[in-house]
Amino acid sequence: MSAHAHSDDGHGKDGHDFAHPMSVQTLLAVFFALTFLTVITVAQASFDFGAFEVATVMFIATVKAVLVMAFFMHMIADKPFNAIIFIGSFVFVGLFVIFTLGDSMMTSGSFEPRVEELAPAVAEPMEVQVDGAP
Amino acid sequence: MSTIEASPEVGHDEHGHDHDHPPFLAHHFDTPEQQFDSGKLGIWLFLVTEVLFFSGMFCAYAIFRALRPEVFEGCSQFLNTKLGAINTGVLLFSSLTMAWAVRCSQLEQHKGLVGTLAATLSCAMIFLGVKAIEYSHKWAMGLLPAGLFFYDPNNPHPTDHPNYLLFICIPFLIALAGVVIWLVLSLLTANRFHIAIAMPLTVVCLCFFVGVGLGAFLESGEESAEHLDGHADSDGLAGAAIVQSAESNAIAENAAAVAASGAMVPVDESVLEILSTDPTNSGVASGLSALEQQTAAAGTSTITGDGEVLGGITTTEVDVLTPTTAGVFFSIYYCMTGIHAIHILAGIGVLVWLLVRAVRRDFNRQYFGPVDYVGLYWHLVDLIWIYLFPLLYLIR
């Protein structure tokens, strides 16, 4: 049960210490930075930035995400290979979203219902009339 | 396990130094660091699959928002920014306590580890409590996914609905009752190990109802303000849009209303001209289709743009809150936040497991992997909420 093996008990002294504890100051500083950025995000929603709104929001969220990844997830002290794998996944997310979104923007128009289909009763007599006109 | 008989060269990979293995080191690892690094690589790979899994939903969000930005702007008004912001703060704080828990486990601060894990669990429960208020409030209003959506702007708060909040609370009530019974039993038997686990868990279960109370308080504040303003502020453009779509069902009528008001889209003068001169035309939609036919025949390019605007986007702008369009927004909302909430529940599960092991003092300087891995998972869940909150709650 409580037969836990302290490394001081003589075990596990074979390698160097691989734990990199974050200092409490760092953790608190990151937390307050994240809270501050959240307040900014909420505050900016009351202003109208027009087309830049999504970009602003995503930029702030990405800054927050980088803070969380670097400090809370210990990426700065971690093996670079782990960071490469994780950040690499975002490259594929980017490819996925950009290509799907681009495809949707370019082809969705072809599949939207046409006016005649939405209001056949009104549109049909017009067709007859217009066909006869020229 | 044949440890003695194996020759040193062959046996090294196998169990050559079993006598030197601390109990936490699996026999197929040489050193605690190797064990830690292997586990860490594994959890990072799992996080990659999680990122890709959520990216599918973010992609759906991006497509629908690009196609119908006005639906997202209109429906986002129904999400309570205050509750979302509170939940963001709670999750950020739980991330802090989780990172702190990893630190405690690395420094062998066993009491601190139990405390920070319990704090993380409590924050997770508060998050779910606030979410329960949000969901039950929306279900009662009929703000449901496409197909179930029945929100009626003339009667936004129907009373003939089941008590959804109670349904959500029942599993948590059962959990609370179970933990309290466990605590009482372990107090009676004076089992210190069980008391040390059941006590923080009781606090954790109570925190769900703290979250429910907090959410109810904030939601009721919003509600009274809404009634004072006569829905003018909170519903905004959405309210105006509903009234219009409720009045007119047929497309022709919708288009006529838009043309009459002339506010939404610059209506081409020639459409109205045709309307006034030609007695056979029964509405602007007919005029429009006539116009389209004529443009097609004549091959002029200037009018085509306006015709497209009238035929496509205007009608949807009027229909922002009809069941299909608004329902699509709420489908995405429930899917993304719901799967996020399921991840919170899964996180609660593994955190309880960690809490038990922390009380048992399983972790030390050489063996803190499980705390670190769960921490990484928990931070990823936080990371996803960091993107979800502004994308869903903070549109305009």
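Please refer to the structure higher up on the page.
Throughout what follows, the structure given in this document is the object of discussion. Keep in mind it's a predicted model, so treat the numbers as computed, not measured.

### Digging into the overall build of chain B
Tallying secondary structure elements over chain B gives 15 helices and zero strands in all. Taken across its 396 residues, chain B has 54% of its residues classed as buried. If you sum the accessible surface of chain B, you get close to 16700 Å²; carbon and sulfur atoms cover 66% of it.

### Things to note about the overall build of chain A
When helices and strands are counted, chain A shows five helices and zero strands. From first element to last, N terminus to C terminus, chain A shows the α and β order α-α-α-α-α. Expressed as a percentage of the 134 residues in chain A, the buried residues total 34%. Taking as baseline every contact in chain A between residues at least 6 positions apart, the subset at least 24 positions apart corresponds to 54%.

### Observations regarding the pattern of salt bridges
The tally for this structure, following the rule as stated, stands at seven salt bridges over all chains. The residue A:Lys79 makes a salt bridge to B:Asp37 at a minimum N-O spacing of 3.2 Å. With A:Lys79 in the loop between helix H2 (52–72) and helix H3 (80–111) and B:Asp37 in helix H2 (residues 32–67), this residue pair bridges two chains. What makes A:Lys79 partly exposed here is its relative accessible area of 41%. Among the ionic pairs, B:Glu108 bridges to B:Arg365, the shortest N-O distance being 4.0 Å. Pair noted here: B:Glu108 is in the loop between helix H4 (81–106) and helix H5 (110–141) and B:Arg365 is in the loop between helix H14 (323–359) and helix H15 (369–393), with a separation of 257 residues, a long-range link. B:Arg365 shares its class with B:Glu108; the two are buried.

### Points about the nonpolar core
Membership of the largest hydrophobic core comes to 126 residues, with the highest contact counts inside it found for A:Phe86 and B:Phe330. With 18 residues, the single largest contributor to this core is H15(B). Filtering out sequence-adjacent residues up to four positions away, B:Phe330 remains in contact with B:Cys75, B:Phe78, B:Leu79, B:Lys138, B:Leu143, B:Leu144, B:Pro145 and B:Phe149.

### Comments concerning H3(A)
The terminal C-alpha atoms of H3(A), which comprises 32 residues, lie 46 Å apart, in line with the 46 Å expected from a rise of 1.5 Å per residue. In H3(A), a bend of some 35° at A:Met105 exceeds every other bend along the element. Looking at the buried side of H3(A), the elements it contacts are H2 of chain A together with H2 and H15 of chain B.

### Points about the packing of aromatic side chains
Residue and element names in this part refer to chain B. Counting across every chain of the model gives 31 aromatic pairs over all chains. Considering the side-chain rings of phenylalanine 389 and tyrosine 393, the 5.6 Å spacing of their centres and the 40° angle between planes classify their relative orientation as tilted. You can see phenylalanine 389 and its partner tyrosine 393 sitting in helix H15, four residues apart, about one turn around the helix. Of the two residues, phenylalanine 389 and tyrosine 393, both sit in the buried class.

### Concerning the packing of helix H1 (residues 24–44) of chain A against H4(B)
Two quantities define a packed helix pair, namely the angle between the axes and the distance from one axis to the other. At a minimum axis distance of 10 Å, the contact between H1(A) and H4(B) shows a crossing angle of 165°. Between H1(A) and H4(B), the crossing angle belongs to the class labelled roughly antiparallel. Crossing handedness for the pair H1(A) and H4(B): right-handed. Between H1(A) and H4(B), the residues in contact are A:Val24, A:Leu27, A:Leu28, A:Phe31, A:Leu34, A:Thr35, A:Thr38 and A:Val42 and B:Thr81, B:Ala85, B:Thr88, B:Leu92, B:Phe93, B:Leu96, B:Ala99, B:Trp100 and B:Arg103, respectively. Along the lines of polarity and charge, the residues of the contact of H1(A) with H4(B) split into 12 nonpolar, four polar and one charged.

### Remarks on the environment of B:Ile86
Relative to the helices and strands, B:Ile86 resides in helix H4. It is 9.8 Å that separates the C-alpha atoms of B:Ile86 and B:Ile126, two residues lying 40 residues apart in sequence.

### Regarding the packing of H5(B) against helix H6 (residues 164–189) of chain B
Residue and element names in this part refer to chain B. Interhelical geometry of H5 versus H6 gives an angle of 155° and a closest axis separation of 8 Å. Taken together, the axes of H5 and H6 lie roughly antiparallel to each other. The chirality of how H5 crosses H6 is right-handed. Residues Met125, Leu128, Ala132, Ile133, Tyr135, Ser136, Trp139 and Ala140 of H5 pack against Tyr164, Leu165, Ile168 and Phe172 of H6. Of the residues that constitute the contact of H5 with H6, the class distribution is 11 nonpolar, one polar and no charged.

### Thoughts on unusual backbone geometry
Backbone geometry at A:His74 places phi at a positive 60°, although glycine is not the residue there. If you trace the backbone, A:His74 turns up in the loop between H2 and H3.

Conventions and cut-offs
- Per chain, residues are indexed from 1 in the order of the written sequence.
- Each chain is given a letter, starting from A, and each ligand a number, starting from 1, according to the order in which they appear as written.
- Note on the predicted model: pLDDT of at least 70 is required for a residue's local features to be given, and 80 or more for side-chain atom pairs to be given and counted; whole-chain, interface and lining totals, by contrast, use all residues.
- Calculated side-chain values reflect all of the structure's heavy atoms, with hydrogen atoms and water omitted.
- Secondary structure elements are taken from DSSP: a helix is a run of H or I of four residues or more, a strand is a run of E of two residues or more, and numbering for both begins at the N terminus.
- Using a 1.4 Å probe on the protein chains alone, a residue whose accessible area is under 20% of its type maximum counts as buried, one over 50% counts as exposed, and one in between counts as partly exposed.
- Note that accessible areas follow from Shrake-Rupley with a 1.4 Å probe, and for residues the cover is restricted to the protein chains shown.
- Two residues form a contact once any of their heavy atoms are found within 4.5 Å.
- Put simply, a salt bridge is a Lys or Arg side-chain nitrogen that is within 4 Å of an Asp or Glu carboxyl oxygen.
- Side-chain atoms within 4.5 Å link the members of a nonpolar core, which is a set of buried Ala, Val, Leu, Ile, Met, Phe, Trp, Tyr and Cys residues.
- Here, expected helix span is obtained from the residue count minus one, scaled by 1.5 Å.
- Take the seven residues that end at a residue and the seven that start at it, fit an axis to each, and the angle between those axes is the bend at that residue.
- Think of it this way: a Phe, Tyr or Trp ring, Trp meaning its six-membered ring, pairs with another when their centres are within 6.5 Å, and the plane angle makes it stacked under 30 degrees, edge-to-face over 60, tilted otherwise.
- To define axes, lines are fitted to C-alpha atoms, for helices over the stretch in contact only, and angles between the resulting N-to-C directions are given on a 0 to 180 degree scale.
- Oblique is the label for any angle not covered by the other classes, which are roughly parallel (under 35 degrees), roughly antiparallel (over 145) and roughly perpendicular (65 to 115).
- Should the near helix be turned anticlockwise from the far one by less than a right angle, the crossing is left-handed, and should it be turned clockwise, the crossing is right-handed.
- Gly is placed with the polar residues, together with every amino acid not listed as nonpolar (Ala, Val, Leu, Ile, Met, Phe, Trp, Tyr, Cys and Pro) or charged (Asp, Glu, Lys and Arg).

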